Amino acid sequence: MEKVILLHSSASSAAQWRALAAELSGRYRVIAPDLYGYGATPNWPGREAFSLAHEAEIVHALIGDAGEPAHLVGHSYGGAVALHVARVRGERVRSLTVIEPVAFHLLADRSEINSVAEGVARAIACGDYFGGCRSFVDYWSGPGSWDALPAATRGALAPRLAKVALDFHAAFGEPAGVDDFRLMAVPTLLVQGARSPQPTRRICELLAGVLPDAWVKTIDGAGHMAPLTHRDAVNAVITAHLESNSTQGGNHATSYESRGNAAGASGRRLREHRTGPR
């Protein structure tokens, strides 16, 4: 069976993908690893400055050397890691689905997201992990989201803040610009929430303008955490994209209505298909 590798967001773990993994397991070999410092995977050992290339080592090991490419699915930070793998080793990727990848290195204006990263760094420096997590979670999920979490969940998330800072460092420091994705000929699905923060929606727009084989889906009513808050809608578009690019039989004709790059390489107008009520 074809491999599907699911990469989770910052401050999360492979548990984020339980429902999708269960849905896909009968048709694909589903692998959902914990990235460095999350779940069962140890912290980054600190042998040098951390980068997406280091995080991607986990993915390359899972794809293996058998010559068969894998489908990659990544949300947020996991999406940034998946983009890195597809850009540098596209021959190893059968299809790519990224849900608001935090490829901050693509942004010309980083002021908004810089403020979030700096808040995390300040919280770590003074030991206020709960305060740092509050600002981080509330930025991505909306004001009051941190306080609404159960106490046990807040207690589990707070120790992950140091790895969140490393994730920001890796996402900002990736040595690739927008033009470096023009030749990434991997069938790509870009998923975004209609209510998501501007930086990640801008990243989706930029990628849609340059990727040669990209589709855009917008989940109405959703924000950055759409894989959790709008799980069924997100899982449905992921599954459709996998089936459209699978060699395992079945109908591979796509039902997507528009390509993100339909305006041409010089265009930047984001054309998209929206899910849910208009």
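Only a predicted model underlies this, so the values are computations on that prediction, with no experimental measurement involved. (Residues numbered from 1 in each chain as written. Predicted model: local features only at pLDDT ≥ 70, side-chain atom pairs only at ≥ 80, totals over all residues. Heavy atoms only, no water.)

Trainee: Quick question: what am I supposed to make of the overall build of the protein chain here?
Mentor: Looking only at helices and strands, the protein chain has eleven helices and seven strands in total. Counting across all 278 residues of the protein chain, residues that qualify as buried make up 54%. A sequence separation of at least 24 residues applies to 75% of the contacts in the protein chain between residues at least 6 apart. Accessible area of the protein chain: about 11,700 Å², with a carbon and sulfur share of 51%. (Helix = DSSP H or I, 4+ residues; strand = E, 2+ residues; numbered from the N terminus. Buried < 20%, exposed > 50% of the residue type's maximum accessible area, 1.4 Å probe, protein only. Contact = heavy atoms within 4.5 Å. Areas by Shrake-Rupley, 256 points an atom, 1.4 Å probe, with all protein chains shown as cover.)

Trainee: It is not clear to me how helix H3 (residues 77-88) should be interpreted in this structure. Could you clarify?
Mentor: Two residues of an α-helix separated by three or four positions point the same way, owing to the 3.6 residues in each turn. Here H3 contains twelve residues, and its C-alpha end-to-end distance of 17 Å stays within 8% of the 16 Å for a straight helix at 1.5 Å per residue. In terms of burial, H3 is largely enclosed, as ten of its twelve residues are buried. (Expected span 1.5 Å × (residues − 1).)

Trainee: When you look at the pattern of salt bridges in this model, what are you seeing that I'm missing?
Mentor: Working definition: two side chains of opposite charge can pair if their charged atoms are close together. As enumerated under the stated definition, the model contains 13 salt bridges in all. With a closest N to O distance of 3.0 Å, Glu68 and Arg94 form a salt bridge. One end of the pair, Glu68, is in the loop between helix H2 (52-63) and strand E3 (70-75); the other, Arg94, is in strand E4 (residues 93-99), and 26 residues separate them in sequence. For Glu68, a relative accessible area of 53% puts it in the exposed group. Residue class for Arg94 comes out buried when judged on its relative accessible area of 14%. With a closest N to O distance of 2.6 Å, Asp167 and Lys163 form a salt bridge. One end of the pair, Asp167, and the other, Lys163, are both in helix H8 (residues 161-173), four residues apart, so they sit about a helical turn from each other. Across this residue pair, the class does not change: Asp167 and Lys163 are buried. (Salt bridge = Lys/Arg side-chain N within 4 Å of Asp/Glu carboxyl O.)

Trainee: Would you take a moment to explain the environment of Leu161 for this structure?
Mentor: Tracing the chain through its elements places Leu161 in helix H8. Taking the C-alpha atoms as reference, Leu161 lies 8.7 Å from Phe130; in sequence the two are 31 residues apart. When neighbours within four sequence positions are excluded, Leu161 is seen to be in contact with Val120, Ala123, Ile124, Tyr129, Gly132 and Cys133.

Trainee: It is not clear to me how the environment of Ala121 should be interpreted in this structure. Could you clarify?
Mentor: As for its position among the elements, Ala121 is in helix H4 (residues 111-126). When its relative accessible area of 42% is taken as the criterion, Ala121 is described as partly exposed. Sequence separation between Ala121 and Ala162 is 41 residues; the distance between their C-alpha atoms is 8.3 Å.

Trainee: Teacher, can you tell me more about the packing of H4 against helix H5 (residues 129-141) here?
Mentor: Each pair of packed helices gets described by two things: the angle between the helix axes and the distance between those axes. Contact geometry of H4 with H5 gives a least axis separation of 7 Å together with a crossing angle of 160 degrees. The angle between the axes of H4 and H5 places the two elements in the roughly antiparallel class. The two elements H4 and H5 meet at a crossing, and its hand is left-handed. Facing H4, whose interface residues are Glu112, Ile113, Val116, Val120, Ala123 and Ile124, H5 presents Tyr129, Gly132, Phe136, Tyr139 and Trp140. Partitioning the contact of H4 with H5 into residue classes produces nine nonpolar, one polar and one charged. (Axes fitted to C-alpha atoms, helices over the stretch in contact; angles between N-to-C directions. Parallel < 35°, antiparallel > 145°, perpendicular 65-115°, else oblique. Left-handed = near helix turned anticlockwise from the far one by under 90°. Nonpolar A, V, L, I, M, F, W, Y, C, P; charged D, E, K, R; others polar.)

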